[in-house]
Amino acid sequence: MFQSRIGGIGFYVPERVVTNEDLARHMDTSDQWIQERTGIKERRYAEGGKESTSSMGANASKIAIERAGIEASDIDFIIFATLSPDYYFPGSGVLLQRELGITNTEIGALDIRNQCTGFVYGLSIADQYIKTGMYKNILLVGAEFHSMGLDYSTRGRNISVIFGDGAGALVLQATEEEGSGILTTHLHSNGNFAEELAFISPGAHGGYHGNEEMYEFPDVEFGGMFITETMLKEGLTFPNMNGQLVFKNAVRKFPEVIMEALKKTGYDPTDIDLLVPHQANLRISEFVQRIMKLPSEKVFNNIQKYGNTTAASIPIALCEAWESGLVKKGDLICLAAFGSGFTWGSALIRW
Ligand code: UT7
């Protein structure tokens, strides 16, 4: 049976740096509030008209592909995790395929919608395909263009200050080397919290989930009304979050799902060489670190520079950790994520 190993890794963040002071010019917030509550100092915003979710994904992918020592034409499957796709449909996976110049139509391109846990879900999917021998070189991408869809008025400040743009990519390859690569992955979800961190409208819910006030009957003369006046007036066309509830659940579920992966493989928290958590909020990472009794040098954080980049945050952090020499051959690396859905998950990797 094959194992999957990480053959190459890359990340891309846009050039434009947006500081907390920049945001404070548009909404009632401050550098002090943002740093105290989230640890974030700045984030990157992509350039509209020149960049997109899939173009950022392609930039990260090119680096990962080169580091894997293969050509784009060797990729036999694409998995694209994002909550901010270029188009409502088709998915960003096919756009990435085109952007990378992959003309081989034998490959598949899968988009996944698991928000902050998207990358861990994608890793788990890729791992299963490689283990069964179906694919040999899978390109897994997490990318987000959040800045296109945030509410920059004071109404949206609890969300807008957190998110940033960027992309990360891995090439997962088949290996027969026992005990190396992806050791285990664990995925969870609880749909009862679906609306607690969500971007609900526009959408095809038709007012079904108890949100009738957002719905107006599609106008046959002018076309279906995905976006209604009520939605615009009430700011429903932006993401919404019950921050405290998300925080409380995150600090419980992160340690739980990390322990689940350790138990499955017979390891202890002390065996972890580096924990790379989804960069949700520096305070969440610090909480998890304390609960897991890990020293600071064993938990990697870069949210201070990039904000929360959702599906891109784990591969960006993992790549930056690797580039700075914090991930070495033979290390036990733990990935963990929690977010909208709610969904949460973990992975253990022997590098
Ligand atoms: O990627 C995974 C999903 N997301 C997360 O993991 C996020 C989890 N949650 C959080 O990180 C935190 O809940 C936040 C950082 C979003 C908010 O921090 P908080 O300490 O939970 O603040 P809060 O929502 O309880 O709000 C406290 C106060 C409120 O004012 P009042 O009602 O006390 O007067 C807010 O209106 O802070 C206010 N506030 C702000 N003030 C300045 C909310 N956002 C801001 C802001 N600047 N950006």
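In this convention, every chain numbers its residues from 1, walking through the sequence in written order. A pLDDT threshold of at least 70 governs which residues receive local features in this predicted model, and a stricter bar of 80 or more applies before side-chain atom pairs are shown or counted, although totals over entire chains, interfaces and linings include all residues. Side-chain numbers come from the whole structure's heavy atoms, not from hydrogens or water.

Each domain's extent is set by a domain assignment, obtained either automatically or from a database. Each assigned domain of the protein is listed here: domain 1 (3-175) and domain 2 (181-192 + 241-350). Here the C-alpha centroids of domain 1 and domain 2 sit 17 Å apart. Taking both partners together, domain 1 and domain 2 bury about 3500 Å²; carbon and sulfur atoms supply 65% of that area. In this description, buried area is defined as the sum, over both parts, of the accessible area (probe of 1.4 Å) that is lost when the two are combined. Counting the surface domain 1 buries against domain 2, the share from its top three residues, Phe11, Cys116 and Val120, is 18%.

Another point: the pattern of salt bridges. We count a salt bridge whenever a side-chain nitrogen from Lys or Arg sits within 4 Å of a carboxyl oxygen from Asp or Glu. For the structure on display, the rule yields 11 salt bridges. A salt bridge links Glu320 to Lys305, with the nearest nitrogen and oxygen atoms 3.0 Å apart. With a gap of 15 residues between them, Glu320 in helix α11 (residues 313-323) and Lys305 in helix α10 (residues 303-306) connect regions that are remote in the sequence. The class of Glu320 is buried, set by a relative accessible area of 12%. Accessibility here uses a 1.4 Å probe with only protein chains present; expressed as a share of the type maximum, an area under 20% marks a residue as buried, one over 50% as exposed, and anything in between as partly exposed. Looking at Lys305, the relative accessible area reads 36%, which means it is partly exposed. Secondary structure elements are defined from DSSP: runs of H or I of at least 4 residues count as helices, runs of E of at least 2 residues count as strands, and each element is numbered from the N terminus.

We now examine the site of the ligand. Inspection of the region around the ligand gives 22 residues, with Thr29, Arg37, Gln244, Asn281 and Asn308 positioned closest. Two N or O atoms count as a polar contact when they lie within 3.5 Å, although within protein this holds only if one can serve as hydrogen donor and the other as acceptor, and sequence-adjacent residues are included solely when both atoms are side-chain atoms. Arg157 places a side-chain nitrogen or oxygen 2.9 Å from an oxygen atom of the ligand. In the environment of the ligand, a nitrogen atom lies 3.0 Å from a nitrogen or oxygen atom belonging to the backbone of Gly243. Here the accessible surface of atoms and residues is derived via Shrake-Rupley with a 1.4 Å probe, and residues count as covered only by protein chains that are part of the display. Compared with its free state, where it exposes 950 Å², the ligand has 73% of that area covered by protein. Breaking the shell around the ligand down by element, the ones donating at least two residues are α2 (31-38), α6 (157-160) and α8 (243-265). For the shell around the ligand, the two domains that each supply at least three residues are domain 1 (3-175) and domain 2 (181-192 + 241-350). Summary of the distance rule: residues count as near a molecule or strand when at least one heavy atom falls within 4 Å of that molecule or strand.

Put simply, the grid is 1 Å and covers the protein atoms alone, a cavity is a trapped set of points that fit a 1.4 Å probe, a pocket is an open set with protein on both sides within 12 Å along at least five of seven lines, and lining residues have an atom within 4 Å of a point. Grid points are joined across faces, edges and corners, and a volume is the space filled by probe spheres set on the points. Here the largest pocket defines a volume of roughly 1300 Å³. Lining the largest pocket are 42 residues, and of these Leu83, Ser84, Pro85, Arg113 and Phe199 lie nearest its centre. Only β5 (108-112) and β9 (197-198) provide two or more residues apiece to the lining of the largest pocket. Classification used: nonpolar for Ala, Val, Leu, Ile, Met, Phe, Trp, Tyr, Cys and Pro, charged for Asp, Glu, Lys and Arg, polar for all others including Gly. Classifying every residue of the lining of the largest pocket gives 19 nonpolar, 18 polar and five charged. Each of domain 1 (3-175) and domain 2 (181-192 + 241-350) gives at least three residues to the lining of the largest pocket. In this structure, the second largest pocket is lined by 23 residues; those nearest its centre are Met241, Gly243, Gln244, Phe247 and Asn281. The dominant element in the lining of the second largest pocket, judged by the number of residues it contributes, is α8, at six residues. Taken together, the residues that form the lining of the second largest pocket break down as 12 nonpolar, eight polar and three charged. Inspection of the lining of the second largest pocket shows a minimum of three residues originating in each of domain 1 (3-175) and domain 2 (181-192 + 241-350).

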